[in-house]
Amino acid sequence: MQPASTEASAPAPVSSPASPAVGSPVSSAVGFPAADLRLRPGSRDFRRANLALFAAGVATFVLLYSTQGLLPVLSADLGLTPGQASWTASAATLGLALALLPASALSDRYGRTAVMTASTLAAALLAVALPFAPDLTTLVVLRAVQGAALAGLPATAMAYLAEEVHPTALASAMGLYVAGNSIGGMGGRLVSGWAAAAWGWRWGLVVSAALALLAALAFRALVPRARHFRRVPVDARALAATVAGHLRDPLLLRLYALGMLFMAVFGAVYNTVGYRLTGAPLHLPQSVAASVFVVYLVGTASSASAGRLTARCGRRGTLYLAIATTTAGLLLSLADSLACTVLGLVLITAGFFAGHATASSAVGRTATTGRAQASALYLIAYYLGNSLGGTLGADAYHSTGWSGTAAVALAAMACAAGVTLYATRRAVTARRAEAAAVRA
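Residues numbered from 1 in each chain as written. Predicted model: local features only at pLDDT ≥ 70, side-chain atom pairs only at ≥ 80, totals over all residues. Heavy atoms only, no water.

Asks: What am I meant to see in the overall build of the chain here?
Replies: Scanning the chain for helices and strands turns up 18 helices and zero strands. For 440 residues, the compact-globule estimate of 2.2 N^0.38 gives 22 Å, and the chain sits close to it at 21 Å. When each of the 440 residues of the chain is scored for burial, the buried share is 58%. Taking the intrachain contacts of the chain between residues at least 6 apart in sequence as the baseline, contacts between residues at least 24 apart amount to 85%. Of the roughly 16,100 Å² of accessible surface on the chain, 69% is carried by carbon and sulfur atoms. Averaged over its 30 positive side-chain charges, the chain has a centre that lies 8 Å from the centre of its 13 negative ones. (Helix = DSSP H or I, 4+ residues; strand = E, 2+ residues; numbered from the N terminus. Rg over C-alpha atoms; globule rule 2.2 N^0.38 Å. Buried < 20%, exposed > 50% of the residue type's maximum accessible area, 1.4 Å probe, protein only. Contact = heavy atoms within 4.5 Å. Areas by Shrake-Rupley, 256 points an atom, 1.4 Å probe, with all protein chains shown as cover. Lys, Arg positive; Asp, Glu negative; His and termini not counted. Charge placed at Lys NZ, Arg CZ, Asp CG, Glu CD.)

See below:
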């Protein structure tokens, strides 16, 4: 395996001359102060920034997946197939994906912290309306609007960290932000699932809204003032040029593809695991099935340690390990055994969060201009992967059971392995060419 810096030697991101005007942090291209004042481990503001983004991740994922742990209850109460019920989860991620680029442009104009705060509070307030939805159509529409409202936080969080945190600490800071995502995903699914088992799915949504609102308020109280952000006007042509530049960069395209493929697996698995646990042959009660989301703690650990793993194995080495771990979990989950299913979920969750943390932090390091847009493009691919994988996985479950869901997920991991292998071969070829040029 090659060190993480090897792939970074691929062609640098292509940016138009207009790109620095859109979303450009104060980077080395523009000029950080001679004494670099970005946040480093050990400082009070570094700890506050980590805690704030952790809370933001909790709020985002509590709201984004507030219906995912309720899908079997929704199906039973409203007479829905798994594919129909899964739209309550997929609609939110689809709305978020479509709103990410506009949200990133707003963050360039109004500031990272302002947009993140408005995003989390608006989405939490919209969550209050969800329990009163009279039918599936209304619920899906509200979820899509809520997803769009949430877009300001994920579109901006990675850019905020890339601007405010010293590069040597970026991977660990990003890992903690992703760890907040896993805590939010776990906590939201646990409490909403337990509440739904006791009082119905509407009360499950009420509990999710309350938990997310508390996390959003904690974020606002903790987040340090942005010191390296420079406000710029929103320029549609410059924005388009920046996006086009990122889409011409082969390394960024590979990272976007990996984010989409990992999230397709996660969406397919977690949109259907509730049906797997409550249906034949396991037949678990809803309250017990909801408890399986405690495996998210594994994601918290694997994402937080992704930086150390990358330093040891390299970026591609970490990705290979994440792919192998996820694949092993999928294969293990095929056994009609509760122990194998739960252990399989543990491995799938660990592999997913390690792969996502590695790819997402690499986007922040690779894009030297237009970081907000680079992060937004990654997340568009990521959440589109969730919507696509979640819907395909649920339809496959409805047709052929858990083996169909696992087949969809395994195909995505095979594609991720192909992308990573292609990157490895490119890096090896480039190194050989450089060595030949030196000898010449």
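The structure having been displayed, the exposition proceeds.
Asks: Please clarify how the pattern of salt bridges should be interpreted in this entry.
Replies: For side chains bearing opposite charge, pairing can occur when the charged atoms are close. One pass over the structure, following the stated rule, counts two salt bridges. With a closest N to O distance of 2.4 Å, Glu163 and Arg112 form a salt bridge. Linking Glu163 in helix H7 (residues 152-164) with Arg112 in helix H5 (residues 112-127), this pair joins segments that are 51 residues apart in sequence. The exposure classification of Glu163 matches that of Arg112, with both residues buried. Among the ionic pairs, Asp336 bridges to Arg276, the shortest N-O distance being 3.3 Å. Placement of the pair is Asp336 in the loop between helix H15 (315-332) and helix H16 (338-366) and Arg276 in helix H11 (residues 250-278), with a sequence separation of 60 residues. Look at Asp336 and you get exposed, because its relative accessible area is 59%. Its relative accessible area of 5% is what places Arg276 among the buried residues. (Salt bridge = Lys/Arg side-chain N within 4 Å of Asp/Glu carboxyl O.)

Asks: I tried to follow the side chain of Arg189 on my own but got confused; where do I start?
Replies: Within the element layout of this structure, Arg189 appears in helix H8 (residues 167-199). There is no salt bridge for the buried Arg189, and the closest opposite charge comes from Asp395, which lies 18 Å off by N-O distance. In this structure, Arg189 is in contact with Tyr65, Gln68, Gly69, Tyr270, Ala290, Phe293 and Tyr296, ignoring residues within four places of it in sequence.

Asks: Explain the packing of aromatic side chains here, please?
Replies: The geometry of two aromatic rings is summed up by the distance between their centres and the angle between their planes. Inspection of the entire model under this criterion finds 10 aromatic pairs. Between Phe266 and Phe352, the ring centres sit 4.1 Å apart and the planes meet at 10°, which makes this aromatic pair stacked. Residue Phe266 is located in helix H11, and its partner Phe352 is located in helix H16; the two are separated by 86 residues in the primary sequence. The buried category is assigned to Phe266, whose relative accessible area is 2%. Relative accessible area serves as the criterion here: at 2%, Phe352 is assigned to the buried category. (Phe/Tyr/Trp six-rings, centres within 6.5 Å; stacked < 30°, edge-to-face > 60°.)

Asks: Looking at this model, I keep getting lost on helix H17 (residues 371-400). Mind explaining?
Replies: Each α-helix turn comprises 3.6 residues. Residues three or four places apart therefore point the same way. In this model, H17 (30 residues) spans 42 Å end to end at C-alpha, consistent with the 44 Å of a helix rising 1.5 Å per residue. Of all 30 residues making up H17, 23 are buried, and the element is well covered by its neighbours. Positive backbone phi, approximately 85°, marks Gly401, located one or two places after H17. (Expected span 1.5 Å × (residues − 1).)

Asks: Could you clarify how one ought to interpret the side chain of Thr67 in this entry?
Replies: Relative to the elements of secondary structure, Thr67 occurs in the loop between helix H2 (44-64) and helix H3 (71-78). What Thr67 contacts, discounting residues up to four positions off in sequence, is Leu74, Thr88, Ala89, Arg143 and Leu205.

Asks: I tried to follow the nonpolar core on my own but got confused; where do I start?
Replies: As a rule of thumb, nonpolar side chains are buried together in soluble globular proteins. With 116 residues, the main nonpolar core has Leu53, Leu100, Leu161, Tyr270 and Tyr383 as its most contacted residues. If you tally residues by element for this core, the top one is H11, at 16 residues. (Core = buried A, V, L, I, M, F, W, Y, C linked by side-chain atoms within 4.5 Å.)

Asks: Would you explain the environment of Gly279 in this entry?
Replies: Here Gly279 is to be found in the loop between H11 and helix H12 (286-290). C-alpha of Gly279 to C-alpha of Ala212: the two residues are 67 residues apart in sequence and 30 Å apart in space.

Asks: How should helix H9 (residues 201-222) be read in this particular structure?
Replies: Taking 1.5 Å of rise per residue, 22 residues should cover 32 Å, and H9 covers 32 Å from first to last C-alpha, within 8% of that figure. Of the surrounding secondary structure, the elements contacted by the buried residues of H9 are H2, H3, H5, helix H6 (136-150) and H8.

Asks: Where do I start with the packing of H11 against H17 in this structure?
Replies: Helix-helix packing: each pair is described by the crossing angle between the helix axes and the interaxial distance. Where H11 meets H17, the axes come as close as 6 Å, and the angle between the chain directions of the two elements is 35°. Both H11 and H17 take part in a crossing whose hand is right-handed. Of the residues assigned to the contact of H11 with H17, the class counts are 16 nonpolar, 10 polar and one charged. (Axes fitted to C-alpha atoms, helices over the stretch in contact; angles between N-to-C directions. Left-handed = near helix turned anticlockwise from the far one by under 90°. Nonpolar A, V, L, I, M, F, W, Y, C, P; charged D, E, K, R; others polar.)

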